[in-house]
Amino acid sequence: LPLCFPQKLWKMLESDQFRSIWWSEGGKCVAINKDLFKVEVLGRGVRQRVFNTRHIKSVIRQLNLYGFTKMQRDIQRSASLPEFLSEEAAASAHSQVLYYYNPSFNRAHPWLLGTCKRR
């Protein structure tokens, strides 16, 4: 039987095969490095393809359909200009990382995966 989207996502997160997707926030969020994900996961040949798409927007649409919400990263800014500028540089590199949360998708509670249903 083919795996549904949340099961595929879970297997990817638990695999050491992918560097573009990982557990974040202590296993409560999914972190995706957008640019690396496009190459590493979506750029695969037909035989090795994880998802039936080559587009990040389709993956994000699936996340939304299964009840994931995009999380914003709250970064405290410094008052001094040099520190602020270095934080901005780090934040722009960090902006390539997307964070998604679903209360039924938690590394510490794998049995909840079955409650992760398509809307």
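Right above here is the structure, for reference.
Residues numbered from 1 in each chain as written. Predicted model: local features only at pLDDT ≥ 70, side-chain atom pairs only at ≥ 80, totals over all residues. Heavy atoms only, no water.

Peer 1: Looking at this model, I keep getting lost on the pattern of salt bridges. Mind explaining?
Peer 2: Proximity of charged atoms lets side chains of opposite charge pair with each other. Scanning all chains against the criterion turns up 1 salt bridge. A salt bridge links arginine 107 to glutamate 14; its shortest N-O distance comes to 3.0 Å. One end of the pair, arginine 107, is in the segment after strand S4 (97-101); the other, glutamate 14, is in helix H1 (residues 5-14), with 93 residues separating them in the sequence. Using a relative accessible area of 39% as the deciding quantity, one classes glutamate 14 as partly exposed. (Salt bridge = Lys/Arg side-chain N within 4 Å of Asp/Glu carboxyl O. Helix = DSSP H or I, 4+ residues; strand = E, 2+ residues; numbered from the N terminus. Buried < 20%, exposed > 50% of the residue type's maximum accessible area, 1.4 Å probe, protein only.)

Peer 1: Please clarify how the state of the cysteines should be interpreted in this entry.
Peer 2: Two cysteines, two sulfur atoms, one covalent bond between them: this is a disulfide. Per the counting criterion, the structure on display carries 0 disulfides. Residue cysteine 4 stays outside any disulfide, its sulfur separated by 7.8 Å from that of cysteine 116, the closest cysteine. On the basis of relative accessibility, which here comes to 5%, the residue cysteine 116 falls in the buried class. (Disulfide = S-S within 2.5 Å.)

Peer 1: Sorry if this is basic, but what is going on with unusual backbone geometry here?
Peer 2: Glycine aside, residues mostly have negative phi angles, and peptide bonds mostly take the trans form. Notably, glutamate 25 is not glycine yet its phi reads approximately 50°, a positive angle. Structurally, glutamate 25 can be placed in the loop between strand S1 (21-24) and strand S2 (29-33).

Peer 1: Looking at this structure, how should I read the packing of aromatic side chains?
Peer 2: Scanning the model with the defined rule gives 7 aromatic pairs in all. When the centroid spacing of 5.0 Å and the interplanar angle of 75° are considered together, the rings of tryptophan 10 and tryptophan 23 count as edge-to-face. Here tryptophan 10, found in helix H1, pairs with tryptophan 23, found in strand S1; they are 13 residues apart in sequence, far enough to count as distant. A relative accessible area of 10% means that tryptophan 23 is categorised as buried. A centroid spacing of 5.3 Å and a plane angle of 75° characterise the contact between tryptophan 10 and phenylalanine 105, whose relative ring orientation is edge-to-face. Of this pair, tryptophan 10 sits in helix H1 while phenylalanine 105 is found in the segment after S4, placing the two residues 95 residues apart along the sequence. Relative accessible area serves as the criterion here: at 1%, phenylalanine 105 is assigned to the buried category. Taken together, the aromatic side chains of Phe5, Phe37, Phe51 and Tyr66 make up a single cluster linked through ring pairs. (Phe/Tyr/Trp six-rings, centres within 6.5 Å; stacked < 30°, edge-to-face > 60°.)

Peer 1: I tried to follow the pairing of S4 on my own but got confused; where do I start?
Peer 2: Along any regular strand, the residues point their side chains to alternate faces of the sheet. Of all the 5 residues making up S4, 4 are buried; the element is thus mostly covered by neighbouring parts of the structure. Taken together, the 3 bridges between strand S3 (residues 69-71) and S4 define a ladder with antiparallel strand orientation. If you follow lysine 70 over to S4, its bridge partner there is tyrosine 100. (Pairing = 2+ DSSP bridges.)

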